[in-house]
Amino acid sequence: MTTADQARPLAGRTILMSGGSRGIGLAIATRAARDGANVVLLAKTDKPDPRLPGTVHTAVAEIEAAGGKGLAVVGDVRREEDVTAAVEQAVAAFGGIDVVVNNASAIALAPIGKLPLKRYDLMLDINARGTFTLISAALPHLYKSDNPHVLTLSPPLNPDPVWLHQHAPYTISKYAMTMLTLGLAGQHHPQPLAANCLWPRTTIATAAVQNIVGGDAAMAVSRRPEIMADAAHAVLSRKAADRTGHCLIDDDVLRDEGITDFSAYRYGDAAEADLKPDLFLPGGEHA
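Here's what I pulled together on the structure shown here.

Definitions and cut-offs
- Residues numbered from 1 in each chain as written.
- Predicted model: local features only at pLDDT ≥ 70, side-chain atom pairs only at ≥ 80, totals over all residues.
- Heavy atoms only, no water.
- Pairing = 2+ DSSP bridges.
- Helix = DSSP H or I, 4+ residues; strand = E, 2+ residues; numbered from the N terminus.
- Axes fitted to C-alpha atoms, helices over the stretch in contact; angles between N-to-C directions.
- Contact = heavy atoms within 4.5 Å.
- Polar contact = N/O pair within 3.5 Å; in protein donor to acceptor, adjacent residues only side chain to side chain.
- Parallel < 35°, antiparallel > 145°, perpendicular 65-115°, else oblique.
- Left-handed = near helix turned anticlockwise from the far one by under 90°.
- Nonpolar A, V, L, I, M, F, W, Y, C, P; charged D, E, K, R; others polar.

1. Overview of the sheet that holds strand E1 (residues 14-18)
The strand order across the open sheet formed by 7 strands is E3-E2-E1-E4-E5-E6-E7, and the pairing between neighbours is parallel. Among the strands making up the open sheet, the edge pair consists of strand E3 (69-74) and strand E7 (247-249). In this sheet, neighbouring strand axes are inclined to one another by 20° on average, regardless of whether the strands run parallel or antiparallel. Both E1 and strand E4 (residues 99-102) contribute to a ladder of 3 bridges, which runs parallel. Paired with Leu 16 across the two strands is Val 100, which belongs to E4.

Rendered as structure tokens:
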């Protein structure tokens, strides 16, 4: 491997991601694009939404501006035919698939009795079913890659029942993403395939945190999406045989890479000690 290859380990790799029009997904996509990766986004946001920044088309423009190649597939990860189309278009455009990133996710923190059935179905369909559908459709093509990875943005399985007490429906949907990924890691594969989960140590300054978790106050004690992007880049740059079946935390991954100063990732002026732990981690409970 040349020095240039070592500096750009994702160059020429093809990443298929659910969602990615904004937030953490877009940050991961543009970080990979800086290496020269190909990024295929399966996302619903075809036209601007006044409540949310960005569309799948503006995301692809950012990917290409960062140095990668992008492909927008307008579709819904809940629809098998849309997922199949995204896989087929990725293979047709770039010759295969090396990485699947399960990024698309719906969040609603209401407990049982207050959460409408429609919102429950949405979370289970996007988070759990979407993860299963995307992995299943892409798996035959991942087996043709020389370094296949599946990375799911989902939390470690925490036995503390507080997460069930506060919002069991959302917890079930996110734990399902994790369990599917860990299950994939333990299956027999014809060659090494890495399947890991990645979750942030702190809340991340995204539209979901702004609009659902806690508004400006939550944003002020959050980190920027770039910390997840750099951590994902580090995970996906490893050989598949090196690490699989793990629930990883973003700053732990970066510490393994020799990074110990995370101040550049802070969104606001809060001290590191005052940053808010994310859901599913100790201290991340929401009243």
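Moving on from the model shown.
2. Some details on the environment of Glu 226
Along the chain, Glu 226 turns up in helix H8 (residues 226-237). For the pair Glu 226 and Gly 23, spaced 203 residues apart in the sequence, the C-alpha separation amounts to 9.2 Å. Other than its neighbours up to four places away in sequence, Glu 226 contacts Ala 27 and Tyr 265. A distance of 2.8 Å separates polar atoms of two side chains, one belonging to Glu 226 and the other to Arg 224.

3. Remarks on the packing of helix H4 (residues 80-94) against helix H5 (residues 117-142)
H5 packs onto H4 with a crossing angle of 30° between their chain directions and a minimal axis gap of 9 Å. One element, H4, and the other, H5, form an angle in the roughly parallel class. Crossing of H4 against H5: the hand is right-handed. Facing H4, whose interface residues are Glu 80, Val 83, Val 87 and Val 91, H5 presents Thr 133, Leu 134, Ala 137, Ala 138 and His 141. Class assignment of the residues belonging to the contact of H4 with H5 gives a composition of 6 nonpolar, 2 polar and 1 charged.

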